[in-house]
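Coordinate analysis (summary)
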Amino acid sequence: MKKFLSTLLAAAMCISLAACGGNNSTPSTSGGGSASSGGSGYTGGSYSISLGHICSENHSLHLASLKFKDFVEEQSGGAITVDVHPNGVLGGDEAMLESVALGTLTMVVPSASVMNNYVDAFGILAMPYLFTNTDDAFAAVDELGTLLTRRLGDANVGLTNLGYNFNGIRNMTNKVRPIETPDDLKGLKMRCMSNEMFVTMFKLLGANATPMAWSELFTAMQQGTVDGEENPASLIYESKFQEVQKYLSTTEHIYDFCTICINTDFYNSLDDQAKAIVDEGVKTYLVDYQRELEVSQNDEYIQKLADAGMEITYVTPENKALFAEKVAPMYDDAAEQFGQDVMDAVAPYRGQ
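It is worth spelling out the overall build of the protein at this point. Counting its secondary structure elements, the protein contains twelve helices and nine strands. Put simply, of all contacts in the protein between residues at least 6 apart along the chain, 76% involve residues at least 24 apart. When the accessible surface of the protein is totalled, it reaches about 13,900 Å², and 48% of it is carbon and sulfur.

Looking now at helix H6 (residues 214-223). Restricting attention to buried positions, one finds in H6 the residues Trp-214, Leu-217, Ala-220 and Met-221. All buried residues of H6 lie within an arc of 95 degrees about the axis, which places them on one face of the element. Set apart from the buried face of H6 by more than 90 degrees, the exposed residues are Ser-215, Gln-222 and Gln-223. Just downstream of H6, Gly-224 is the residue with a positive phi angle, here 85 degrees.

With respect to the helices and strands, the residue Tyr-314 is situated in the loop between strand S9 (311-313) and helix H10 (317-327). A relative accessible area of 57% means that Tyr-314 is categorised as exposed. Taking the C-alpha atoms as reference points, Tyr-314 and Glu-252, 62 residues apart in sequence, are found 9.8 Å from one another. The residues touching Tyr-314, leaving out its near neighbours within four places in the chain, are Thr-250 and Ile-302.

Across all of its chains, the model carries nine salt bridges by this definition. Linking Lys-283 and Asp-288 is a salt bridge whose minimum nitrogen-to-oxygen distance equals 2.7 Å. Connected through shared salt-bridge partners, Arg-170, Glu-230 and Asp-256 make up one network.

This part takes up the side chain of Asn-165. When you line up the elements, Asn-165 lands in strand S4 (residues 159-174). Polar side-chain contacts of Asn-165 include one of 3.0 Å to the backbone oxygen of Leu-286. Leave out the neighbours within four places in its chain, and Asn-165 touches Leu-61, Val-109, Asp-256, Phe-257, Cys-258, Ile-260, Leu-286, Val-287, Gln-290 and Arg-291.

A few words on the packing of aromatic side chains. All told, the structure shown has ten aromatic pairs when counted by the stated rule. Taken together, a centroid distance of 6.5 Å and an interplanar angle of 25 degrees make the contact between Phe-166 and Tyr-255 stacked. Here Phe-166, found in strand S4, pairs with Tyr-255, found in strand S8 (residues 247-263); they are 89 residues apart in sequence, far enough to count as distant. Side by side, Phe-166 and Tyr-255 carry an identical accessibility label, which is buried. Between Phe-166 and Phe-257 the ring centres are 5.4 Å apart and the planes differ by 55 degrees, which places this aromatic pair in the tilted class. Here Phe-166, found in strand S4, pairs with Phe-257, found in strand S8; they are 91 residues apart in sequence, far enough to count as distant. Here a set of aromatic residues connected by ring pairs shows up, and it is made of Phe-138, Phe-166, Tyr-255 and Phe-257. When the ring centre of Tyr-267 is taken as origin, the NZ or CZ atom of Lys-275, which lies over that ring, is 4.6 Å away. Directly above the aromatic system of Phe-138 lies the positively charged group of Arg-291, at a separation of 4.9 Å from the ring centroid.

Here the focus is the layout of surface pockets. The rolling of a water-molecule-sized probe over the atoms marks out the regions of remaining empty space. If you add up the space inside the largest pocket, you get close to 420 Å³. Around the largest pocket, the lining is made up of 28 residues, and of these Gly-92, Asp-93, Glu-94, Ala-213 and Trp-214 lie nearest the centre. For the lining of the largest pocket, the elements supplying multiple residues, two or more each, are helix H3 (93-102), S4 and H6. Among the elements that line the lining of the largest pocket, the one with the most residues is H3, at five residues. Here the lining of the largest pocket is composed, by residue class, of 16 nonpolar, seven polar and five charged.

Glancing now at the packing of helix H2 (residues 60-75) against helix H9 (residues 272-307). Axis separation between H2 and H9 bottoms out at 9 Å; the angle between their running directions is 155 degrees. Regarding the angle of H2 to H9, the classification is roughly antiparallel. Considering the relative orientation of H2 and H9, their crossing is right-handed. Of H9, the residues touching H2 (which contributes Ser-60, Leu-61, Leu-63, Ala-64, Ser-65, Lys-67, Phe-68, Phe-71, Val-72 and Gln-75) are Ile-277, Val-278, Glu-280, Gly-281, Val-282, Tyr-285, Leu-286, Tyr-289, Gln-290, Leu-293, Glu-294 and Gln-297. By residue class, the composition of the contact of H2 with H9 is 13 nonpolar, six polar and three charged.

So, on to the state of the cysteines. Evaluated as defined, the whole model comprises zero disulfides. Just so you know, Cys-258 is unpaired, no disulfide at all, and the nearest cysteine sulfur is the one on Cys-55, 6.5 Å from it. By relative accessible area, Cys-258 is classed as buried at 3%.

Scoring rules and cut-offs
- Residues numbered from 1 in each chain as written.
- Predicted model: local features only at pLDDT ≥ 70, side-chain atom pairs only at ≥ 80, totals over all residues.
- Heavy atoms only, no water.
- Helix = DSSP H or I, 4+ residues; strand = E, 2+ residues; numbered from the N terminus.
- Contact = heavy atoms within 4.5 Å.
- Areas by Shrake-Rupley, 256 points an atom, 1.4 Å probe, with all protein chains shown as cover.
- Buried < 20%, exposed > 50% of the residue type's maximum accessible area, 1.4 Å probe, protein only.
- Arc of directions from axis to C-beta.
- Salt bridge = Lys/Arg side-chain N within 4 Å of Asp/Glu carboxyl O.
- Polar contact = N/O pair within 3.5 Å; in protein donor to acceptor, adjacent residues only side chain to side chain.
- Phe/Tyr/Trp six-rings, centres within 6.5 Å; stacked < 30°, edge-to-face > 60°.
- Lys NZ or Arg CZ within 6 Å of the ring centre and 35° of its normal.
- 1 Å grid on protein atoms, 1.4 Å probe; cavity = no way out; pocket = protein on both sides within 12 Å on 5 of 7 lines; lining within 4 Å.
- Points joined across faces, edges and corners; volume = space filled by probe spheres on them.
- Nonpolar A, V, L, I, M, F, W, Y, C, P; charged D, E, K, R; others polar.
- Axes fitted to C-alpha atoms, helices over the stretch in contact; angles between N-to-C directions.
- Parallel < 35°, antiparallel > 145°, perpendicular 65-115°, else oblique.
- Left-handed = near helix turned anticlockwise from the far one by under 90°.
- Disulfide = S-S within 2.5 Å.

Take a look at the structure:
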């Protein structure tokens, strides 16, 4: 288990959060521990939730976050308020996770790929060609995710995971040439998250893996520091990467998920009514609604990228098999790395 809670970063984030209005207030109650329900039937306490994510206002995650906000505030008669901070204004996934763990931010919805900074077993969700369709991916994460969530709780790092939504199917973009086979990646400088799974994947595929913070990526592509990157089509389009990238290839190498993390002390401080409302809002909107919306928009976003001038390469099943073959060594020590129970849980849903 690796835990990155940098004191310097924490101090910087506290200043940033104060400037952006991102601090969650201490849970408060009125009227002897109850808040006015305003006709909603709610008699629980008053709480303030700040939720951060890196996506734009048009992305499925932000739309789901607004639905979550409306639901929680309506069901609590306004006693529970939710402030949503999109576009990474409070930092990238790693920085916001640290803020949630420290209690300076209430909730964050980060890529599950960064969760292995806290629990190694989350790295399984960053393994390339683990799944080949959304049905298997969703079924697997709903079963496997329970195990991973329990391990996060056992790690006692200040984070509680309330569920998993769908970040989309990750594809590769670059500004040099179309990518049809692994050979086309040779020599390309490809940005990736600071995650050993992604670094290893690109090395096995022959690219020069370049770990880089999300906030630096657009400028790095614009200035030629990196040639390309990989992300779901929705995030690529909404982040305007089509302005600095020419080619998109449907490598579909990772079915990506986000965790829905809340500060553990804050979550445990919620009274039963408040906790039930938050849990229901997460399941209904940040999980079910968001997944459905993200899946339904995937092809639409690829077409939007094409309309914006990107050249789309639809990688054939035969060529995807070549990519999968190149990264197969990553599975050799997977049971030792993530645990046999993790591999057993995901085995029925594995892409072959």
